[in-house]
Amino acid sequence: MKKAFGALLGAAVLAGCASTPISGLPSNVTLSEPQSYYGAKVQMVEAVTFERTGKGKQNASTCVSLNVDNSEVTLSDTSSSFVGPYSGYYYDVERSRTESGGATLQHSDTATGIVVAKGVSEYTSGSLIPVGHAVRYKLLVAPLEDKTVVQFKDIEQAQKSTGIIRNDGFKPLGSWKGTTVMEAYDAMKRQANEVLDCIYSGSLIGG
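Procedures and definitions
- Numbering of residues starts from 1 in every chain and runs along the sequence as written.
- Local features in a predicted model are, by the rule used here, given only for residues with pLDDT of at least 70; side-chain atom pairs are given and counted only at 80 or more, and totals for whole chains, interfaces and linings are based on all residues.
- Calculated side-chain values reflect all of the structure's heavy atoms, with hydrogen atoms and water omitted.
- Segments assigned H or I by DSSP are reported as helices when at least four residues long, segments assigned E as strands when at least two residues long, and all are numbered from the N terminus.
- Burial classes follow relative accessibility: with a 1.4 Å probe on protein chains only, a residue under 20% of its type's maximum area counts as buried, one over 50% as exposed, and anything between as partly exposed.
- Under the rule applied, a polar contact is a pair of N or O atoms within 3.5 Å (in protein, one hydrogen donor and one hydrogen acceptor; residues adjacent in sequence only if both atoms are side-chain atoms).
- Here a residue-residue contact requires only that any non-hydrogen atoms of the pair lie within 4.5 Å.
- Two strands form a pair only when DSSP identifies at least two bridges running between them.
- Should a side-chain nitrogen of Lys or Arg be within 4 Å of a carboxyl oxygen of Asp or Glu, the pair is scored as a salt bridge.
- Nonpolar side chains (Val, Leu, Ile, Met, Phe, Trp, Tyr) within 5 Å and like charges within 9 Å form the patches, drawn only from residues with over 30% relative accessible area and no salt bridge.
- Only the protein chains shown count as cover for residues, and the accessible areas themselves come from Shrake-Rupley with a 1.4 Å probe.
- What counts as a disulfide here is a pair of cysteine sulfur atoms lying within 2.5 Å.

Focus on the side chain of Ser125
In this structure, Ser125 sits in strand β10 (residues 115–125). The buried category is assigned to Ser125, whose relative accessible area is 12%. A polar contact of 2.7 Å, which involves the side chain of Ser125, links it to the side chain of His133. When near neighbours in sequence (up to four residues on either side) are disregarded, Ser125 contacts Pro130, Val131, His133, Thr180 and Glu183.

If you want it as structure tokens, here you go:
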């Protein structure tokens, strides 16, 4: 019942927001073709790409290993809470589980320097009552002769705690208002800058 309620709520939230991409979406965001989602045509974030010009100084694989984290994320809800039929008391039952985790580095090509990794970044949305989120992704780092490209793909986000609504975990990142797309973008931008700062640094050992 509560799972069905969550689906209805998702449809209601989408109906209350514009399903078109938010205005001012950065030009380095690639969107999917329109697809059906809760009865509306929407576009998901397919990729986010960052570049830095000039030839890198440090090994990309080393910098990814030092700066990208693929730790487990704890997701929770209280959708199993209930009111006792005899006592009349409300019993707050929290459910939690972990997702993601595992090895960060997935592939490293010694000939080209290209690195593929998996990572997760946490962020918050809302100003009065901050809400915790996590965005997970596949990360491609490609060192070229005159620049280095960092691209995020397979991007999914989850709200860490959803209260009385069933927490369905990670879902593809949408581009419309209410999806926290810009907060997730900022989290990926911070991650990209950490990797690029490392690659372009003169030394990996602090003075």
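Looking at the pairing of β10
Judged by how many residues are buried, β10 sits mostly within the fold: eight of 11 residues are covered. Here β10 pairs with strand β11 (residues 131–143) via 11 bridges, running antiparallel. What sits directly across from Thr124, in β11, is Gly132. Linking β10 to β11, which pair antiparallel, is a turn of five residues; within it Gly126 sits at a positive phi near 85°.

Description of the pattern of salt bridges
Applying the stated rule across the entire model yields nine salt bridges. Measuring nitrogen to oxygen at the nearest pair gives 2.9 Å for the salt bridge that ties Glu122 to Lys160. Here Lys160 lies in the loop between β12 (147–159) and β13 (171–172) and Glu122 lies in strand β10, a separation of 38 residues in the sequence. On the basis of relative accessibility, which here comes to 46%, the residue Glu122 falls in the partly exposed class.

What about a nonpolar patch on the surface?
Among the surface-exposed residues, Leu66, Leu204 and Ile205 lie close enough to one another that they form a single nonpolar patch of about 330 Å² accessible area. Relative to the helices and strands, Ile205 is located in the segment after α3 (181–199).

Description of unusual backbone geometry
If you check the backbone angles, Tyr38 has positive phi at about 50° while not being a glycine. Within the secondary structure, Tyr38 sits in the loop between β2 (35–37) and β3 (40–42). Positive phi, close to 50°, is recorded for Asp154, a residue that is not glycine. By the element assignment, Asp154 lies in strand β12.

Quick word on the state of the cysteines
Under the defined criterion, the tally for this structure stands at one disulfide. The disulfide that involves Cys63 links it to Cys198, with 2.1 Å between the sulfurs. Judged by the sign of its S-S torsion, about -75°, the bond between Cys63 and Cys198 is left-handed. With Cys63 in helix α2 (residues 60–67) and Cys198 in helix α3, the pair connects residues that are 135 residues apart, well separated along the chain. Taken as a pair, Cys63 and Cys198 share a single burial class, namely buried.

It is worth stressing that arrangement in space is one thing and function is another; only the former is reported here.
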